[in-house]
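# Coordinates in review
If you want the building blocks of each chain, they are given just below.
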Amino acid sequence: MPFIVNTATEREEMLRAIGVGSFEELIADIPEEIRLKKALDVFPALDEPQVRKLLEGLASANRSTSDYVSFLGGGAYDHFIPVAIKTIASRSEFYTAYTPYQAEVSQGTLQAIYEYQSLICRLYEMDVTNASMYDGATALAEAVLMAMNVTGRAQVVVAGKLHPYNSSVLKTYLEASDHNAVIQNVLEDGIGSISALKGIVTGNVAAVVVQQPNFYGCLEEVEAIRDIAHANGALFIVSADPLSLGVLAAPGSYGADIAVGEGQPLGNPQNFGGPYLGIFTVKQPLVRKIPGRLVGMTKDKDGEEGFILTLQTREQHIRREKATSNICSNQALNALQAAVYLSLLGREGIRDVAAQSAQKAHYLAGKIAGIPGFSLKYTSPFFREFVVETPIPASAVIEQMLEHKVFAGYDLAVHNETGLLIAVTEKRTQAELDSFAKNLGTLK
Amino acid sequence: MTILEDLRYTKDHEWIKLLEDGSTALVGITDFAQSELGDIVFVELKPAGTKLKEHEVFGTVEAVKTVADLFAPVAGEILELNTLLDNAEIVNQEPYASGWLVKIKLDNPAALDALLDAAAYHQLIGE
């Protein structure tokens, strides 16, 4: 969007139109002492070629996954994105469209969202998927609010290791409600302790939450966690990485009542952190309590197939303060990209991407564990991501690997823990893995 | 618009019918209410055993484009929910008969006397 200045003449016209003599008169009600008395401290004016040069210079200082070999994960992954996704998603019919409030004129957008919902239902083996949430973290927090609403209970238990940012979003969401009780289970070898969990989950617990794979990439013992949740009348909430479902059991198949996830791995670029895609699914008995928008298929008066926003009576514009959630929007373009990705890859493709990522991750983990001074921090099974202890601080490892044009991983010192979290996707070649391991063996 | 003579009514368009035992009653919404709401698709009620104060919300009735709260006409305890409400359209079809919502045990049967009779409800809805 261009910046269009107001000329002095235009300013005078506007002031005249509202019957004010001068700008000073317009702001007469603003107390003197809080007014800025000097010029704004901003960059001197530049012409267009100079602006372009400046911004291109700044942009070229970025290092992206197209220039570097990336082992960064921790919630956002460097999977391959077929070019067809951008070609379809950048069509102006999708790209410039706003949220489809008027179903009659938004059939294409609604159908795309309907297809997304259907594909996610099949991937997660759940009954109902909404039109999407802002990201995986808000989807998880909304799932917890929903569980509290459904059960009338005030506590939530986190069974294993959530992404720390998801935990903090969850705490933010619960801060303003009456329910201020997130109970964290103890961890053993990187995953939630089942014996400890038994002592924590009581009849006051609305939901037991687990992330699969967890923040460390490890696999939680989801079936044992489900049994403890259901034995206490709590809902079982699973936050599952959608791509992991190419090789891991789907949340719906092992008894999740609500399953959520971060949809970025499905054809959405990492984009320095967003915009991403919150996946939100439930089993049929919970459909009237689901937050957000839902697209349904129907027939018009001539019997022709069409798409609509459905069950809107849950939403704010009708139910006001008693709505199931504050969310009245979705991430339509990101959901579209996920739908195109799933359609392009199909059942076999998803399985292949997941299997290759897992196999390559295990190959690399084996290599790194053999390097003197390095070890795997946890022995629990993992999917495509694992934590290694390093002979020098992880930050120094990351720094040195940049010289080899490699992003070595995610430094857990950010969360006051030791270790380097390394993610491997199907994009990594054997040569890249071997070279990374070799370079780790020659740290200064 | 049907208004039955032997029922009591509220300003929120619920009806209440005292049963023969003199201490329990059926509660539903009026013919006027169902007609104003349009096609009713879902009724959500608090479970049996819930104790209600007068005018407390005991559930919601959901039509295609709106949702209305249900208010207890008098104080009491929910004894029974109408199991036929899985087909919520019966509230549209037979609001005074098979479309009743809850059976309640009245705290004080005399409280019914304070509610609107058929003539007063006629007047309320302007018929």
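Because the structure is predicted, anything quoted here is derived from the model rather than measured. (Residues numbered from 1 in each chain as written. Chains lettered and ligands numbered in written order. Predicted model: local features only at pLDDT ≥ 70, side-chain atom pairs only at ≥ 80, totals over all residues.)

### Description of the overall build of chain A
Let me state the cut-off plainly: Helix and strand definitions here come from DSSP, where helices need a minimum of 4 consecutive H or I residues and strands a minimum of 2 consecutive E residues; each element is numbered from the N-terminal end. Residue pairs qualify as contacts under a 7 Å threshold applied to their C-beta atoms, which are placed from the backbone.
Broken down by element type, chain A carries 14 helices and 17 strands. Seen through its principal axes, chain A has C-alpha atoms that stretch 75 × 60 × 50 Å. Residue pairs in contact within chain A that sit at least 24 positions apart in sequence constitute 72% of those at least 6 positions apart.

### Observations concerning the interface of chain A and chain B
Defined as follows: Ten residue types, Ala, Val, Leu, Ile, Met, Phe, Trp, Tyr, Cys and Pro, are classed as nonpolar, four, Asp, Glu, Lys and Arg, as charged, and the remainder, Gly among them, as polar.
Counting residues at the interface gives four residues for chain A and five residues for chain B. Of the residues that constitute the side of chain A that touches chain B, the class distribution is one nonpolar, one polar and two charged.

### So, the sheet that holds strand β6 (residues 57–63) of chain B
Residue and element names in this part refer to chain B. The following threshold applies: Only strands that DSSP links by at least two bridges are regarded as paired with each other. The convention used is that axes are lines fitted to C-alpha atoms, helices contributing only their stretch in contact, and that angles between N-to-C directions extend from 0 to 180 degrees.
What the three strands build is an open sheet, ordered β4-β6-β7; its pairing is antiparallel. Edge strands, defined here as strands with exactly one partner in the open sheet, are β4 (40–45) and β7 (67–71). Sheet twist, expressed as the mean angle between neighbouring strand axes with direction ignored, is 20°. Sheet topology note: the β6/β7 ladder contains five bridges and is antiparallel. Looking at β7, one finds that V57 is bridged to F71.

### Overview of helix α1 (residues 8–17) of chain A
Going by this rule: Between the buried cut of 20 or more and the exposed cut of 12 or fewer other C-beta atoms within 10 Å of a residue's own C-beta lies the partly exposed class, and all C-beta atoms are placed from the backbone.
For α1(A), a buried count of zero out of ten residues is recorded, marking the element as mostly open to its surroundings. Positive backbone phi, approximately 75°, marks A:G19, located one or two places after α1(A).

### Some points on the domain arrangement of chain A
How we decide: Marked domain ranges trace back to an automatic or database domain assignment.
By the assigned domains, chain A splits into domain 1 (8–55), domain 2 (69–80 + 348–440) and domain 3 (83–340). Spacing between the C-alpha centres of domain 1 of chain A and domain 2 of chain A amounts to 51 Å.

### Points about the packing of helix α7 (residues 136–151) of chain A against helix α8 (residues 164–175) of chain A
Residue and element names in this part refer to chain A. Just so we agree on the cut-off: Roughly parallel means an angle under 35 degrees; roughly antiparallel, over 145; roughly perpendicular, 65 to 115; everything else is oblique. The crossing is said to be left-handed when, going from far helix to near helix, the turn is anticlockwise and less than a right angle, and right-handed when the turn is clockwise.
At a closest axis distance of 9 Å, the pairing of α7 and α8 adopts a crossing angle of 45°. The angle between α7 and α8 falls in the class oblique. The handedness of the crossing between α7 and α8 is right-handed. For the pair α7 and α8, the contacting residues are G136, A137, T138, L140, A141, V144 and L145 in the first and Y165, N166, V169, L170 and Y173 in the second.

### Description of the pairing of strand β12 (residues 305–309) of chain A
All names here are of chain A. When strand β11 (residues 295–299) meets β12, the two strands line up antiparallel, connected through five bridges. Residue pairing for β12: K299 is matched across the bridge by E305. Counted along the chain from β11 to the antiparallel partner β12, the turn is five residues long, and its residue G303 has a positive phi close to 80°.

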